Amino acid sequence: MKSAFLIAATSSGCGKTTLSLGLMRALVRTGKHVRPFKCGPDYIDTQFQTIAADNEAINLDLFMASESHVRSLFGHYSCEADVSIVEGVMGMFDGFDKMKGSSADVARVLDIPVILLINAASTAYSVAATIFGFTHFCPDVKVAGVIFNRVASENHYSYLRKACEDVGVECFGYIRKNEKLQTPSRHLGLTLSSRQEMNQFIDLAADEVQNTVEIDRLLSSTRLTNVPEELYLPKPHDITVAVARDEAFSFIYPVNLKAFGEIRYFSPLHDEHLPEADMVYLPGGYPELYADKLALNHSLKREIKEFAERGGRILGECGGLIYLCDEIDGYEMCGVFPLKATMKDSSLSLGYRTVKFPGITLRGHEFHYSHIIDPQPERSIATQSNVKMRKVNTPVYRYKNTIAGYTHLYWAESDILKLWEQ
């Protein structure tokens, strides 16, 4: 029997990531094939999930993609799994427009039950009202049961379990209060040492879950039926794309890459030469943390600039844009764009974006602390707006066939090569 469910919470900070990672690793330990998913555009949690489940995590986002696309993604990637676990985002009903795009909305679209995680710190029987509200607010979303986090003792848990009984909702267990269960830095990247640290955290979370969560009963209550297996995507282009992927560049939607015939990965940190390819993709990541090492790889920087000068197609997103600039805080980058990036006086820019190019409109999200010193918005080849359709002054630059901007794009339902038909 297959099982599928979405882990939601009453608010951010309840411990969804801890529960999700611990449950994934606990199931893997028993020989289960686990497929992880993440609601929203998050790149970091998907990397953690991939480590926990030893299986590639997939984003499910109802702003950047259609409902039919999200359903087909889930069906395709979950069809071979024993258990499919979707980690929610923020509070259960928090979306980009009221409930739209929320964890509850994703559960509704996928027709899978919700496991509600509640932070039990500083509360006891009062959670009955919380449980009642979350389970009755939206009849289209089924809550299969509840798990509590940060439980102080068995006596504390007895009050919480009684609250579930009186509301008529299943209780699948709890996670004890444990100061060691603090999710490691979201800037861990992909280095060997950081993977070891993350694995230690995941193992600790899995130990807790195995001790205090009734996993078998949870799985029997979330059995999955009638899941489509076909993934509906545009026909891939018969081209070879060189994709940057290492500690500095790792923010990639796997489904985006299905638009291309062949993928050749390379490392701007460690490789001296660019692979032979028809196109280069420089995704986001943490180039600012590795700027000194990137600056020293002169041969690869030179080859990327030469590729741009020859009119080769290059797409850079966020960290990829920084790498294509002249410099970031004095560290020399590729110099394709006469721009300087900096982390000084940084502030967070974030939000969903609709990006209108001539001939194609794409959706994505913006999330960065760095900025361009003189952004020159008049040079932008696209207009961007937020979820309220208000203009956002985030430029997208073009030099010959090199296109780059801060926005991370989702193009799995679109023909990304139309960008170069302008």
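Residues numbered from 1 in each chain as written. Predicted model: local features only at pLDDT ≥ 70, side-chain atom pairs only at ≥ 80, totals over all residues. Heavy atoms only, no water.

Colleague: Would you mind going over empty space enclosed by the protein in detail, with residue names and values included?
Modeller: The full count for this structure, using the stated rule, is 2 cavities of 30 Å³ or more. In this structure, the second largest cavity encloses a volume near 60 Å³. Together, Leu315, Gly316, Glu317, Val355, Phe357, Val396, Ile403, Ala404, Gly405, Thr407 and Leu409 line the second largest cavity. If you list the elements that add at least two residues to the lining of the second largest cavity, you get strand E13 (313–317), strand E17 (349–357) and strand E23 (402–405). (1 Å grid on protein atoms, 1.4 Å probe; cavity = no way out; pocket = protein on both sides within 12 Å on 5 of 7 lines; lining within 4 Å. Points joined across faces, edges and corners; volume = space filled by probe spheres on them. Helix = DSSP H or I, 4+ residues; strand = E, 2+ residues; numbered from the N terminus.)

Colleague: I'd love a proper account of the layout of surface pockets, names of residues and values included.
Modeller: A volume near 350 Å³ is recorded for the second largest pocket. Along the walls of the second largest pocket sit 16 residues, with Gln47, Glu56, Arg245, Ser250 and Ile252 positioned nearest its centre. Within the lining of the second largest pocket, the residues separate by chemical class into 8 nonpolar, 5 polar and 3 charged. (Nonpolar A, V, L, I, M, F, W, Y, C, P; charged D, E, K, R; others polar.)

Colleague: Account for the sheet that holds strand E10 (residues 260–266), naming residues and giving values.
Modeller: What the 6 strands build is an open sheet, ordered E10-E8-E11-E13-E23-E22; its pairing is mixed. The open sheet terminates on both sides in strands that have one partner only, identified here as E10 and strand E22 (396–399). On average, each strand axis in the sheet is inclined to that of its neighbour by 20°, with strand direction left out of account. The pairing of strand E11 (residues 279–282) with E13 spans 4 bridges and is parallel. Counted as the bridge partner of Tyr281 is Leu315 from E13. On top of the sheet, helix H10 (residues 298–309) reaches E10, E11, E13, E22 and E23; it is set at about 120° to E13, its chief contact. (Pairing = 2+ DSSP bridges. Axes fitted to C-alpha atoms, helices over the stretch in contact; angles between N-to-C directions. Contact = heavy atoms within 4.5 Å.)

Colleague: Lay out the environment of Ser349 with the relevant residues and their values.
Modeller: On the secondary structure map, Ser349 appears in strand E17. On the basis of relative accessible area, Ser349 is assigned to the partly exposed category, the value being 25%. Between the C-alpha atom of Ser349 and that of His371, which follows or precedes it by 22 residues, the distance is 9.0 Å. Each residue touching Ser349, except ones within four places of it in the same chain, is listed here: Glu366, Phe367 and His368. (Buried < 20%, exposed > 50% of the residue type's maximum accessible area, 1.4 Å probe, protein only.)

Colleague: Which residues make up the packing of aromatic side chains, and what are the values?
Modeller: Evaluated as defined, the whole model comprises 16 aromatic pairs. When the centroid spacing of 6.3 Å and the interplanar angle of 55° are considered together, the rings of Phe260 and Trp411 count as tilted. On the criterion of sequence distance, the pair formed by Phe260 in strand E10 and Trp411 in the segment after strand E24 (408–410) is long-range, its members being 151 residues apart. The structure contains a cluster of three or more aromatic residues connected by ring pairs, namely Tyr43, Phe251, Tyr253, Tyr286 and Tyr410. (Phe/Tyr/Trp six-rings, centres within 6.5 Å; stacked < 30°, edge-to-face > 60°.)

Colleague: Tell me about the sheet that holds strand E5 (residues 114–119), and name the residues and values.
Modeller: If you walk across this open sheet you meet the 7 strands as E3-E2-E4-E1-E5-E6-E7, and the pairing is parallel. Each end of this open sheet is capped by a strand with a single partner; those strands are strand E3 (58–60) and strand E7 (171–176). Between one strand axis and the next, the sheet turns through 25° on average, direction left out of account. Along the sheet, helix H4 (residues 103–110) makes contact with strand E1 (3–9), strand E2 (34–39), E3, strand E4 (83–87) and E5, crossing E1 at roughly 160°. Sheet strands touched by helix H6 (residues 154–167): strand E6 (143–151) and E7. Its angle to E6, the strand with the most contacts, is close to 160°.

Colleague: Tell me about the nonpolar core, and please be specific about residues and values.
Modeller: Residues Met92 and Phe148 are the most contacted members of the largest nonpolar core, which totals 126 residues. Not counting residues up to four positions away in its chain, the partners in contact with Met92 are Ala8, Ala9, Ser102, Ser103, Ala104, Val114, Leu116, Phe134, Val141 and Val143. Core analysis: the next-biggest nonpolar cluster, separate from the first, contains 23 residues, Val241, Leu257, Met279 and Trp420 among them. (Core = buried A, V, L, I, M, F, W, Y, C linked by side-chain atoms within 4.5 Å.)

Colleague: Describe in detail the pairing of E13, supporting the description with residues and values.
Modeller: Within E13, 4 of the 5 residues are buried, leaving the element largely enclosed by the surrounding structure. Two strands pair when backbone bridges link them, and E13 and E23 are joined in this way by 4 bridges, in the parallel orientation. Counted as the bridge partner of Glu317 is Gly405 from E23.

Colleague: Explain the pairing of E1 residue by residue, including any values.
Modeller: Along E1, 7 of the 7 residues are buried, which leaves the element largely enclosed by surrounding structure. The alternating pattern of E1 places Ser3, Phe5, Ile7 and Ala9 on one face and Ala4, Leu6 and Ala8 on the opposite face, and all of these are buried. Here E1 pairs with E5 via 4 bridges, running parallel. Residue pairing for E5: Leu6 is matched across the bridge by Val114.

Colleague: Can you lay out unusual backbone geometry for me, pointing to particular residues and giving the numbers?
Modeller: The backbone of Cys318 shows a phi angle near 55°, a positive value even though the residue is not glycine. One non-glycine residue, Asp345, lies in the positive phi region at around 50°. Using a relative accessible area of 75% as the deciding quantity, one classes Asp345 as exposed.

Colleague: I'd like a rundown of the packing of helix H5 (residues 127–136) against H6, residues and numbers included.
Modeller: Running from amino to carboxyl end, H5 crosses H6 at an angle of 40°, the nearest separation of the two axes being 9 Å. When the axes of H5 and H6 are compared, the pair comes out oblique. The crossing of H5 and H6 is right-handed. From H5, Val127, Ala128, Ile131 and Phe132 reach across to H6, where they touch Leu160, Ala163, Cys164 and Val167. Here the residues of the contact of H5 with H6 sort into 8 nonpolar, no polar and no charged. (Parallel < 35°, antiparallel > 145°, perpendicular 65-115°, else oblique. Left-handed = near helix turned anticlockwise from the far one by under 90°.)

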